[in-house]
Structures are given as C-alpha cells and as structure tokens.
Amino acid sequence: MAGGLLTGLVVFVLASFIGFEVINKVPPTLHTPLMSGANAISGIAVVGALLISGPQNWSLTVILGLVAIVLATINVVGGFLVTDRMLEMFKKKEAKV
Amino acid sequence: MITLTGLDTGIELSYLVAASLFILGLKKLGSPATARRGNIYAAVGMLVAVVATLVNQEVLNYQMILVGVVIGSVIGAITARSVAMTAMPQMVGIFNGLGGAASALIAVGEFFRLLNAGAFISFDATLIAVLGVFIGGLTLTGSLVAFAKLQGILPGMPVKYPLQQPLNLAILVGFVVGSVYLIVHPQSLPVFLGLVGASLLLGVLFVIPIGGADMPVVISLLNSLSGLAASAAGFILVNNVLIVSGALVGASGLILTQIMCKAMNRSLPSVLFGAFGGGGGAAASGGGSGADYDKTVRSLEAEEGAMMLGYAKSVVIVPGYGMAVAQAQHSIRELADQLESLGVEVRYAIHPVAGRMPGHMNVLLAEANVPYNQLYDMDDINPEFDRTDVALVVGANDVVNPAARDASDSPIYGMPILEVDRAKHTIIIKRSLSTGFAGIDNELFYKNNTAMLFGSAKDIVAQLVSEVKQLD
C-alpha cells in the first residue's frame, strides 16, 4: 500500500471518530437541519471538481469536471440556504415563546 | 519530506481552516441555540476551501469554472428559496444524489485522465477509482429513486419481483469480479464502463424495494453515502479536505441512520433487504389478534369532535405523514390556538420516524409557528397519555398501533409507539380504514374509546376549527 493511501486512511478514520463524537446526542428537532447542513458539506466535492477541470485544454476529464462543478455547487448553495431557511423558522418561533 | 511552495502551504492551511470550520459548524448544529450560526460556520468553511482551490496554479480554466459555479449557484438558490417545507425529504434526497454524482464524475474523470496520459495506473489508483465510482454511482441513482418515490413519480409501496435479492447479489458479485479484473488490467476501458453501469443499476435496485415509511432510514443512509463518496474522491485526488469533510458527513448520516433504525426497532439489513408490506406475515397478523375485539368503528362528525376537544382539559396532537401530505400543519396550529383560548392544554407528540425523514414533523410544525416547548419526544410524552383527555391523531398510523406493543406475532412488534390508546379518548383523522404503510390492521381503530373522523386532514381540521370557534 502506497504512503499516500495510508495517510489518507489515517485522516479518514480519525475524522470519522470526530464526526461521531461531535454529532452524537442531537435533539430530534434538529435532525432535519443537521442532515441538510451535513448534506451541504458533502458538496465539498466541488473542490475536487475544480481541481480536475483546471487544465485549459479541453478533454473529457475537464468536461466531466465542469458538470461536477454545476452539480456540487447546486448541492452546496442550495443545501446551506435551505438549512438557514429552516433554522430561521425555528428561531422565530422561539422568540415568540 | 516533500517541500511545499509558499502557495501550496497556504492552500493546505486554508483547507485545515475549512475542515475545522466544518467540525465547529456541525457541533453548533447540534444545539437549538447555536444551530444557525453553525450552518454559517460551515458555509464560510466551504467558501474558504473553494477560494483556496482557485488559487491553485493548476487551476486555469477560470471562465468555464465561473460559468459552472454561477449556473449551480442560481439553480441551488432558486430551489432552496422556493421548495415547500413539506417537500424537504425530496429536496435532501435529490441533493444527496447531486453530491454523489459529482464525486462519481470526479472518479470517472480522473481515471480517464490517467488512461489518456498512457502512464502506468497503480493498484491503489484503480482501487480508489472503482470505490469512488461505486459509492458515487450508487448514491446518485439510489437518491433519484428515493426522490421519485417521495415525489410520487414512482409508487411509494415496495416494488418486489421474484429473485430480487439473488439478482442484486449477482450484480454485486459481478461488480467485485470486474473490479479485480480492472485492477489487474487497468487499461480495460469497457470493463471500467461496465462497472460504472453496474453501480448505477445497483443504486436503483437497492432502493426500489424499500417502501415509504422506511424512507427516514434510506435518506439518512444516502446522506452518509454522499459523504463517503466525497471522501473517496479525496483519496483519488490525494486531498485531505475532501477526505475529512466526507468522513464527517459519513459519520453524521450513519448516526441518524442508527437513530431511525432504533426508533423502528429494526436492523439496517432488515430495512434494506426485508421490504415490508408485501409479505404474508403482515397479512396474517392482522387476523391473529383480531379475536379480541369486534370490528365496529365509531365514526364521528366534526361537530362532536370539536365538543370533545373543546371541553377537554388536555389534548395531545399526534402528527404523521398524512399531515404533511395534506399540508395541514397551519390548520392544526389554528385549532391548537382556538383550544388554548378555551383553556385547554395542548401538546404535540412527535414519533422519531413520523414522516419521511428524520425530524420531518418538527420542521413542518416550526413552519406553522408552533412553539418549540409544546413539542414532546416519545419518551417524554408516553407517561402523560394516562392523564390526557383526548389524543388527536392526524395522519399517523403505524407509530400509534398498539400491536407493536401487545401482539408478539405482529411484524412491527417491538417498535416503540406513542401510546395514544392510554388516553381517555382517541380521535383519529384519516382518509379511510386502510392499513398503514406496513400493511397491518390497526386495532386502535376499533377500540371503544376511539372515534374516527374520516376525510382529508386539512378539511377535517378546518371543520374542527370552525366548530370549536362556535363553542365560545
């Protein structure tokens, strides 16, 4: 196994543990916003899409990368905005109580 | 040690900042007081990561990238603004799919680049590309099917056909064999394309037999997979921010999946492979406990129902998917307001898997401005039903079925329920006597202290509101 893969694996496993620790015990009210917020974060694929569509010469890879940019950006922008919209409703209601 | 240029160091440090902002953001998303700020932290993290990537000297294709980002942002913003809160499960569903698709495209694109470069493709590179294609492709088509089911394009009931599981298994085995072949012969383009096709097919076949009420589990699982797909893309590009962010999302989706499974007392494999509703077991059990009660149903008029509610001391409202379908949350809020003005104590009981995604009911009631402190989780409200005059069930069925508690032969036996049958009276608003998603008869409908109000949740609740007004 090459060093790059191994380092990646270490990072992946440690990050998973952090994820489990940080997210445990979220109240049910926040399940939907948590999910759509996490969903927006998974749009981080946009970074990968930017990298593979970087070269100026057209190639199949660049075209696939550009399509990926559009899809991931929808995921990121839409995900964060809709989460904010939901949480705004939650807030309004708490202020009223 | 590889020496990095100043610019590269800056980019890597920015990625570290982005990853830290994601972790802080997720942490803050877990508490009502800080959730909104948490979401903003995560969004800022994303901006940092994107800007850092753009200064990478290998990224030169600025015009086209800008076009892509603008198109994506406009579509994303319009969707986020216009989507109805009742359609949130579909929206999250389709977004999971987009994330998975982007990651799969990265895997495919990077593999093509290696192939065209004519260089030696290492064992590692092929293995990761195959993983990325598998997870990403599965997430894409699985999410599309989930979306179609939630949107009503495909039937919500489980779709079953003979040899379903053996067929899925055969394709999966085929995929593994193809992967091994590709790792040995990385230049084999047809095999690679075959693997792409098999991943897309498996996504469809995995989700199509899963029915509507199991959607909270499926959506959570696809959420987790969309994260893992991003991680896989990170392995392909040797990019830590992708690996970390993907792992965080993978973990959060998995936690929600576990919570949902627990709330239904089912294991993940049984949700994925043991579709409810078509089996003989479900049909038989309805009759099994049928001897204990004579099947007479007390049907009620809105006027009578309004009197029961208006003269009660305490009312607990139990919303279900029927409320979401009928968009009845605003009328319910109005009814609750009317009742409170008559001095009735009104509370809401939320089952963890009510609706089609985790926390679905909470979002809808929040949209209707129902105060947060009136919402009760299952464990908090169940001891209260003994002291409740009227439990009003709006479009919920399996989550209030006493068979889950009493009938050990029932397929849903062991699933925690909201014990509305312990209230002095139970009023159920429902379209018909039809069985719930699980295909199981609900003996609650036939109990002496249960009354049915037949009709669409929205119409019935509106009638109740106007009748309660006249009680004043």
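Criteria and thresholds
- Residues numbered from 1 in each chain as written.
- Chains lettered and ligands numbered in written order.
- Predicted model: local features only at pLDDT ≥ 70, side-chain atom pairs only at ≥ 80, totals over all residues.
- Helix = DSSP H or I, 4+ residues; strand = E, 2+ residues; numbered from the N terminus.
- Buried ≥ 20, exposed ≤ 12 C-beta atoms within 10 Å, placed from the backbone.
- Pairing = 2+ DSSP bridges.
- Axes fitted to C-alpha atoms, helices over the stretch in contact; angles between N-to-C directions.
- Parallel < 35°, antiparallel > 145°, perpendicular 65-115°, else oblique.
- Left-handed = near helix turned anticlockwise from the far one by under 90°.
- Contact = placed C-beta atoms within 7 Å.
- Nonpolar A, V, L, I, M, F, W, Y, C, P; charged D, E, K, R; others polar.
- Core = buried A, V, L, I, M, F, W, Y, C linked by C-beta atoms within 7 Å.
- Domains from an automatic or database assignment.
- Expected span 1.5 Å × (residues − 1).
- Arc of directions from axis to C-beta.

Colleague: Residues and numbers for the overall build of chain B, please.
Modeller: Looking only at helices and strands, one finds 18 helices and 6 strands in chain B. Projected onto the principal axes, the alpha-carbon positions of chain B cover approximately 80 × 50 × 35 Å. Residues classed as buried in chain B amount to 53% of the 472 residues present.

Colleague: I'd love a proper account of the sheet that holds strand β6 (residues 450-454) of chain B, names of residues and values included.
Modeller: Residue and element names in this part refer to chain B. Across the sheet, 6 strands lie side by side as β3-β2-β1-β4-β5-β6; this open sheet has parallel pairing. The open sheet has two edge strands with one neighbour each: β3 (375-377) and β6. Strand-to-strand, the axes of this sheet are offset by a mean angle of 25°, without reference to chain direction.

Colleague: Kindly report on the packing of helix α8 (residues 215-237) of chain B against helix α9 (residues 240-263) of chain B, identifying the contributing residues and their values.
Modeller: Residues and elements named next belong to chain B. Where α8 meets α9, the closest approach of the two axes is 7 Å, and the angle between their N-to-C directions is 165°. With respect to each other, α8 and α9 are oriented roughly antiparallel. Relative to α9, the crossing made by α8 is left-handed.

Colleague: Run through the packing of helix α4 (residues 88-117) of chain B against α8(B), naming residues and quoting values.
Modeller: Residue and element names in this part refer to chain B. One way to put it is that α4 packs onto α8 with a least axis distance of 9 Å and a crossing angle of 25°. By the criterion of interaxial angle, the relationship of α4 to α8 is roughly parallel. Crossing of α4 over α8 shows left-handed handedness. Contact residues: Pro89, Val92, Gly93, Asn96, Gly99, Gly100, Ser103, Ala104, Ile106, Ala107 and Glu110 in α4; Met215, Ile219, Leu222, Asn223, Leu225, Ser226, Ala229, Ala230, Ala232, Ala233, Ile236 and Leu237 in α8. Here the residues of the contact of α4 with α8 are counted per class, giving 15 nonpolar, 7 polar and 1 charged.

Colleague: Tell me what's going on with the interface of chain B and chain A, and back it up with residues and numbers.
Modeller: Listed as interface residues are 100 residues of chain B and, on the opposing side, 83 residues of chain A. Those elements that place two or more of their residues in the side of chain B that touches chain A are α1 (6-29), α2 (35-54), α3 (62-82), α4, α8, α9, α15 (360-367) and β3 of chain B. Class assignment of the residues belonging to the side of chain B that touches chain A gives a composition of 58 nonpolar, 34 polar and 8 charged.

Colleague: Break down the nonpolar core for me, with residues and values.
Modeller: In terms of nonpolar packing, the biggest core is built from 193 residues, with Ala45(A), Val46(A), Ala102(B), Val318(B) and Val394(B) touching the most fellow members. With 17 residues, the single largest contributor to this core is helix α4 (residues 60-96) of chain A. Lining this core are residues from two domains, each supplying at least three of them: domain 1 (83-273) and domain 2 (302-469) of chain B.

Colleague: For the environment of Ser188(B), give the residues involved together with the corresponding values.
Modeller: Residues and elements named next belong to chain B. Assignment of secondary structure puts serine 188 in the loop between α6 (164-184) and α7 (189-207). Residue serine 188 is classed as partly exposed on the basis of its C-beta count, with 14 C-beta atoms lying within 10 Å. C-alpha of serine 188 to C-alpha of aspartate 398: the two residues are 210 residues apart in sequence and 51 Å apart in space. Residue contacts for serine 188: discarding those within four places in its chain leaves Tyr181 and Leu182.

Colleague: So, the domain arrangement of chain B: which residues are in play, and what are the values?
Modeller: Residues and elements named next belong to chain B. Domain boundaries assigned for chain B yield domain 1 (83-273) and domain 2 (302-469). Of note, the centres of domain 1 and domain 2, computed from C-alpha atoms alone, are 36 Å apart. Across the contact, 19 residues belong to domain 1 and 17 residues belong to domain 2. Looking at the side of domain 1 that touches domain 2, the elements that each hand over two or more residues are α4, α8 and α9. Residues that form the side of domain 1 that touches domain 2 fall into these classes: 14 nonpolar, 5 polar and no charged.

Colleague: I'd like a description of helix α1 (residues 3-23) of chain A, backed by residues and values.
Modeller: Its 21 residues place the ends of α1(A) 30 Å apart at the C-alpha level, agreeing with the 30 Å of an ideal helix rising 1.5 Å per residue. By the burial criterion, the buried members of α1(A) are Gly8(A), Phe12(A), Ala15(A), Ser16(A), Gly19(A), Val22(A) and Ile23(A). Seen end-on, α1(A) carries its buried residues on one side only, within an arc spanning 135°. Of the residues in α1(A), the exposed ones pointing more than 90 degrees away from the buried face are Gly3(A), Leu6(A), Val10(A), Val13(A), Phe17(A) and Glu21(A). Buried residues belonging to α1(A) abut α1, α8 and α9 of chain B. One or two residues past the end of α1(A) sits Lys25(A), with phi positive at roughly 65°.

Colleague: Can you tell me about the pairing of strand β5 (residues 425-430) of chain B, naming the residues and giving the values?
Modeller: Residues and elements named next belong to chain B. Counting buried positions over the 6 residues of β5 gives 6, a clear majority of the element. Side-chain alternation along β5 places His425, Ile427 and Ile429 on one buried face and Thr426, Ile428 and Lys430 on a second face that is also buried. As defined by bridge partners, β5 adjoins β6 across 5 bridges and the pair is classed as parallel. Of the residues in β6, the one forming a bridge with isoleucine 427 is alanine 451.

Colleague: Hey, could you go over unusual backbone geometry for me, with residue numbers and the actual values?
Modeller: All names here are of chain B. Not every positive phi belongs to a glycine, and glutamine 327 is a case in point at roughly 55°. Secondary-structure assignment places glutamine 327 in the loop between α13 (321-326) and α14 (329-341). With a phi angle near 65°, asparagine 369 is a residue other than glycine that sits in the positive phi range. The residue asparagine 369 is located in the loop between α15 and β3 in this model.

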